[in-house]
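# Report on the structure
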Amino acid sequence: MAKPVSIEVWNPSGKYRVVSTKSMPGTRWINLLIAQDCRVEICTEKKTILSVEDIVALIGDKCDGVIGQLTEDWGETLFAALSRAGGKAFSNMAVGYNNVDVNAANKYGVAVGNTPGVLTETTAELAASLSLAAARRIVEADEFMRAGLYDGWLPYLFVGNLLKGQTVGVIGAGRIGSAYARMMVEGFKMNLIYYDLYQATRLEKFVTAYGAFLQANGEQPVTWKRASSMDEVLREADVISLHPVLDKTTYHLINKERLSTMKKEAILVNCSRGPVVDEVALVEHLKQNPKFRVGLDVFEDEPYMKPGLAELKNAIVVPHIASASKWTREGMATLAALNVLVCQDLIIELHLILDQVQFI
């Protein structure tokens, strides 16, 4: 029998029982659920990642819906448990859902929701931040100062790369990839090369218009190019940011062979999914090419890093914080709650609820 899990309860007398496997930012999402007569139970276990057994215990005998996290394994066992408890809704507080077995959800009649859109700009901002930090060696310089090693200005101290006039490459020009591209083009006047199965018409129009603006003001115009292959982006770009979905075709998209085609002083940024990059091959490439730099927000075997990565000065690593702005995380929590309400048909006046979440 599963061990009991500690919880915090809101609206104890609510008609419907909704469980959140983690505490989430803000209270708007809680108030939305309470307004529709939901009893909200929030797991307070001091664990970063709950086990399947923990979540089964949370679901219990009666549960109308669950809000879960991308670190959880939502497959046959959990959807069977939720179905037995009468639940018909699972909401993943993430834009992706590679932790969710959609076939199992369909088998047990559970609708699955995610939280796209609200994290577009926030994720793109972190990718841009990692690009700049890697180019200008900011983390290395910060550690140098804190270690008390700075004893005066030197011409060669932490010399990095200028972004202006260089080429930024984007692999996957969807919402986040296009937002990142716009930031780098407009913010640093970089030229763009991108690869996507679909033409990014709005992005192309933006770069064209910005190039015309620069030219009209006596500056060098920026340019764009849609690459015929991903390898073309890797060969030509100075900074490459990865924004594909994770599936069988993109697993280890960046491997030893493709790393070898990139420029020796290129910068690679990944804020998409860890397994898109062969991390073992990346560590070896970073060791052999000290001027090659990388900024990673996600990892192949999260929360772990492959051996050797943490020790490399030419790698910037952060703990999956691409969506970690207050506005975005509260928005994700709100969307997650709305998913449960919509999938369970618990919303009585949908337009009144939507009026409360216009910030999304």
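Since the model is a prediction, treat every value here as computed from it, not as a measurement.

What follows concerns the overall build of the chain. Regarding its fold elements, the chain presents 13 helices and 13 strands. For a compact globule of 360 residues, the expected C-alpha radius of gyration is about 21 Å, and the chain comes in at 23 Å, within 12% of that figure. Residues classed as buried in the chain amount to 49% of the 360 residues present. Seen as two clouds, the 37 positive and the 41 negative side-chain charges of the chain have centres 2 Å apart.

This part covers the UniProt feature "domain: D-isomer specific 2-hydroxyacid dehydrogenase catalytic" (unreviewed entry) in the chain. UniProt's entry tags residues 38-340 with the feature "domain: D-isomer specific 2-hydroxyacid dehydrogenase catalytic" (unreviewed entry), counted in the numbering of this structure. Secondary structure content for residues 38-340 is 38% helix and 15% strand, and the end C-alpha separation is 11 Å.

This part is about the UniProt feature "domain: D-isomer specific 2-hydroxyacid dehydrogenase NAD-binding" (unreviewed entry) in the chain. UniProt tags residues 130-322 as "domain: D-isomer specific 2-hydroxyacid dehydrogenase NAD-binding" (unreviewed entry). What you have in residues 130-322 is 35% helix and 15% strand, and the ends, taken at the C-alpha atoms, are 10 Å apart.

The end-to-end C-alpha distance of helix α5 (residues 120-135), which contains 16 residues, comes to 23 Å, matching closely the 22 Å that a straight helix rising 1.5 Å per residue would cover. Most of α5 is tucked away, with 12 of its 16 residues classed as buried. Those residues of α5 lying buried are Thr120, Thr122, Thr123, Ala124, Leu126, Ala127, Ala128, Leu130, Ser131, Ala133, Ala134 and Ala135. Positive backbone phi, at 55°, marks arginine 137, one or two positions downstream of α5.

Next up on the list: unusual backbone geometry. Here the amide bond leading from glutamate 302 into proline 303 is cis, since omega sits at 15°, within 30 degrees of zero. The topology assignment puts proline 303 in the loop between β12 (293-296) and β13 (315-317). One non-glycine residue, asparagine 11, adopts positive backbone phi at about 55°. With respect to the helices, strands and loops of the structure, asparagine 11 is situated in the loop between β1 (7-10) and β2 (16-20). Asparagine 11 sits in the partly exposed class, given a relative accessible area of 23%. One non-glycine residue with positive phi stands out, namely phenylalanine 158, at about 50°. Within the secondary structure, phenylalanine 158 sits in the loop between α6 (138-146) and β7 (167-171).

So, on to the pattern of salt bridges. What the rule picks out here adds up to 16 salt bridges. We note a salt bridge from lysine 189 to glutamate 219, for which the minimum N-O separation is 2.6 Å. Of the two residues, lysine 189 is situated in the loop between α7 (175-188) and β8 (191-195) and glutamate 219 in the loop between α8 (201-216) and β9 (224-226); the sequence distance between them amounts to 30 residues. Exposure remark for lysine 189: the relative accessible area of 24% places this residue in the partly exposed category. Among the residues examined, glutamate 219 registers a relative accessible area of 32% and is labelled partly exposed. When the shortest N-O distance is used, the salt bridge between lysine 225 and glutamate 236 registers 3.2 Å. Note that lysine 225 is positioned in strand β9 and glutamate 236 in helix α9 (residues 230-236), a separation of 11 residues in sequence. Among the residues examined, lysine 225 registers a relative accessible area of 34% and is labelled partly exposed. Three or more residues are tied together by salt bridges with common partners; here these are Arg17, Arg39 and Glu41.

A contiguous nonpolar patch, built from Met145, Tyr150 and Trp153 and spanning about 400 Å² of accessible area, is present on the exposed surface. Within the secondary structure, tryptophan 153 sits in the loop between α6 and β7. Residue classification places tryptophan 153 among the exposed residues on the basis of a relative accessible area of 67%.

Over its 14 residues, α7 runs 20 Å from end to end, which matches the ideal 20 Å to within 8%, given 1.5 Å per residue. Those residues of α7 lying buried are Ile176, Gly177, Ser178, Ala179, Tyr180, Ala181, Met184 and Val185. Immediately downstream of α7, the backbone of lysine 189 shows phi near 55°, a positive value.

Our focus in this paragraph is the packing of aromatic side chains. Considering all chains together, one arrives at six aromatic pairs under this definition. For the pair phenylalanine 144 and phenylalanine 158, a centre-to-centre distance of 5.1 Å together with 75° between the ring planes defines the contact as edge-to-face. Residue phenylalanine 144 is found in helix α6, and its partner phenylalanine 158 is found in the loop between α6 and β7; the two are separated by 14 residues along the sequence. Members of the aromatic cluster, each reached through a chain of ring pairs, are Trp74, Phe79 and Phe90.

A few words on the environment of valine 118. Here valine 118 is to be found in the loop between β6 (111-113) and α5. Relative accessible area serves as the criterion here: at 3%, valine 118 is assigned to the buried category. On a C-alpha basis, the gap between valine 118 and tryptophan 29 in space is 14 Å, while along the polypeptide they are 89 residues apart.

Here is what the cut-offs are and how they apply
- Residues numbered from 1 in each chain as written.
- Predicted model: local features only at pLDDT ≥ 70, side-chain atom pairs only at ≥ 80, totals over all residues.
- Heavy atoms only, no water.
- Helix = DSSP H or I, 4+ residues; strand = E, 2+ residues; numbered from the N terminus.
- Rg over C-alpha atoms; globule rule 2.2 N^0.38 Å.
- Buried < 20%, exposed > 50% of the residue type's maximum accessible area, 1.4 Å probe, protein only.
- Lys, Arg positive; Asp, Glu negative; His and termini not counted.
- Charge placed at Lys NZ, Arg CZ, Asp CG, Glu CD.
- UniProt positions renumbered as here; feature names shortened; annotations may be inferred.
- Expected span 1.5 Å × (residues − 1).
- Salt bridge = Lys/Arg side-chain N within 4 Å of Asp/Glu carboxyl O.
- Patch = residues over 30% accessible without salt bridge, like charges linked within 9 Å, V, L, I, M, F, W, Y side chains within 5 Å.
- Areas by Shrake-Rupley, 256 points an atom, 1.4 Å probe, with all protein chains shown as cover.
- Phe/Tyr/Trp six-rings, centres within 6.5 Å; stacked < 30°, edge-to-face > 60°.

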